[in-house]
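Spelled out from the first residue to the last, the chains are:
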Amino acid sequence: MLSTPVGAIGSGIGGGVELTLTNIALEMIRRGHIVKIVAPQGSVVKSVPIVEIAGESQIPAQTQTRAEPIVLPKNSVLANMWDYARQVQSDYDVIVNYAYDWLPLYLTPFFNTPIAHLISMGSLTDAMDSIIEQIATNFPQTIGVHSLSQAQTFTFADKCRCLANGMDLSIYQFCARPSNFLAWVGRIAPEKALEDAVSAAKITGIPLKIFGVKQNEQYWQDICQKYPDAPIIYRGFLPTAELQQELGQCRALLVTPRWVEAFGNVAIEALACGVPVIAYRRGGLTEIVKDGETGFLVEPDSVDGLVNAIKQLDQIDRHTCRQQVEREYSQQAMGDRIEQWFRDILAGR
Ligand code: HBI
């Protein structure tokens, strides 16, 4: 399993992919498979063997324009990770790629061992779209995505395999009676539109707890200057065990993506704690939040929509939130989907 080259696992820079890779690795080991993770130097994943690879990080794809050419820094960690994979490929049945990058996709035909690509974001650049389409066409079933809406950002949605996502729910404690807080969780960057959640907190007067890496410091400063008296509490990037403990105490999680969120791990984490999700009707979240049952889907980019939904939170039964993730997004449910994916790829060979 080759991780994202944008940062070490555990740094938070890899966003949801870090959690997704770790959860799948642990679940495959639980099912008796032998798993090795290949990741940038400094990566830490408890109880999974890791090969750490040195080299320069890849530029985050979401900061690039559509026409951006493929760029590999000298001594690229991505290139080094895939040279390692080339050398050891015959020891494995399947290689799983978690990077949203051109190189692993381009290398697929050069490998003897089949490669399963878990594409973690929607369409971002022309170069990525065309190489993903090429592999989706020539290596059927090998392009995995997290949601139908993510697949639909590509012209070849029908060639994508929808896997949803899943996580170890045992580390998420259900909280029946919350305190008077709202929550926002994610990489603090423009595409995640934290400012809308801050604005809703200011209007409702309900304090907003903010969790996540300040990936864009200037963006954070701009929000603090624009909303100096908003009731916000920055809690930093917490390990999952601590995050879920505080998240569970909140009345709702606000998810305010400006872009098509491929899935919405944070929404699953909140629901697992019994926390309703109020999200823009955009991207993978529309396939997770059951409007009026486990939260609310509101008009994208509408702060008023967020505020109105916050006022209706008493309608939501927090037990329903936990029950939904147990049914659809447990480690076991995801493990079944992943194992079947690998089997179909091997059968297709
Ligand atoms: N950018 N180039 C590149 N490669 C990745 O693997 C990558 C990225 N940006 C964001 C990212 N991965 C993850 O944080 C999201 O897919 C969750």
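Residues numbered from 1 in each chain as written. Predicted model: local features only at pLDDT ≥ 70, side-chain atom pairs only at ≥ 80, totals over all residues. Heavy atoms only, no water.

An unreviewed UniProt entry annotates the protein as Glycosyltransferase family 4 protein of Anabaena azotica FACHB-119.

What follows covers the packing of helix α6 (residues 194–204) against helix α10 (residues 303–311). Contact geometry of α6 with α10 gives a least axis separation of 9 Å together with a crossing angle of 50 degrees. If you check the angle between α6 and α10, you find them oblique. Both α6 and α10 take part in a crossing whose hand is right-handed. Note on element contacts: α10 touches α6 through Val 303, Leu 306, Val 307 and Ile 310, opposite Asp 196, Ser 199, Ala 200, Ile 203 and Thr 204. Taken together, the residues that form the contact of α6 with α10 break down as six nonpolar, two polar and one charged. (Axes fitted to C-alpha atoms, helices over the stretch in contact; angles between N-to-C directions. Helix = DSSP H or I, 4+ residues; strand = E, 2+ residues; numbered from the N terminus. Parallel < 35°, antiparallel > 145°, perpendicular 65-115°, else oblique. Left-handed = near helix turned anticlockwise from the far one by under 90°. Contact = heavy atoms within 4.5 Å. Nonpolar A, V, L, I, M, F, W, Y, C, P; charged D, E, K, R; others polar.)

A word on unusual backbone geometry. Notably, Ser 47 is not glycine yet its phi reads approximately 55 degrees, a positive angle. Accessibility expressed as a relative area gives 61% for Ser 47, which makes it exposed. With phi around 50 degrees, Ala 193 is a residue other than glycine that occupies positive phi space. The topology assignment puts Ala 193 in the loop between β7 (182–185) and α6. (Buried < 20%, exposed > 50% of the residue type's maximum accessible area, 1.4 Å probe, protein only.)

The next thing to look at is the nonpolar core. Side chains of nonpolar character tend, in soluble globular proteins, to be buried together. In terms of nonpolar packing, the biggest core is built from 60 residues, with Leu 194, Leu 208, Leu 253, Val 277 and Ile 278 touching the most fellow members. The greatest single-element share of this core, amounting to six residues, is contributed by helix α9 (residues 265–272). Not counting residues within four places of it along the chain, the set of residues in contact with Val 277 comprises Leu 253, Val 255, Ala 267, Ala 270, Leu 271, Val 289, Thr 294, Gly 295 and Phe 296. Grouped together as the second largest cluster of nonpolar side chains are 23 residues, Val 35, Leu 163, Ile 338 and Phe 342 included. (Core = buried A, V, L, I, M, F, W, Y, C linked by side-chain atoms within 4.5 Å.)

As a further point, take the pattern of salt bridges. Evaluated as defined, the whole model comprises 21 salt bridges. The salt bridge involving Glu 191 is made with Arg 187; its shortest N-O contact spans 3.1 Å. A residue is classified by how much of its surface remains accessible, and Glu 191, at 15% relative accessible area, is buried. Residue class for Arg 187 comes out buried when judged on its relative accessible area of 10%. Salt bridges here are not isolated pairs; linked through shared partners, they connect Glu 27, Arg 30, Arg 31, Asp 336, Glu 339 and Arg 343. (Salt bridge = Lys/Arg side-chain N within 4 Å of Asp/Glu carboxyl O.)

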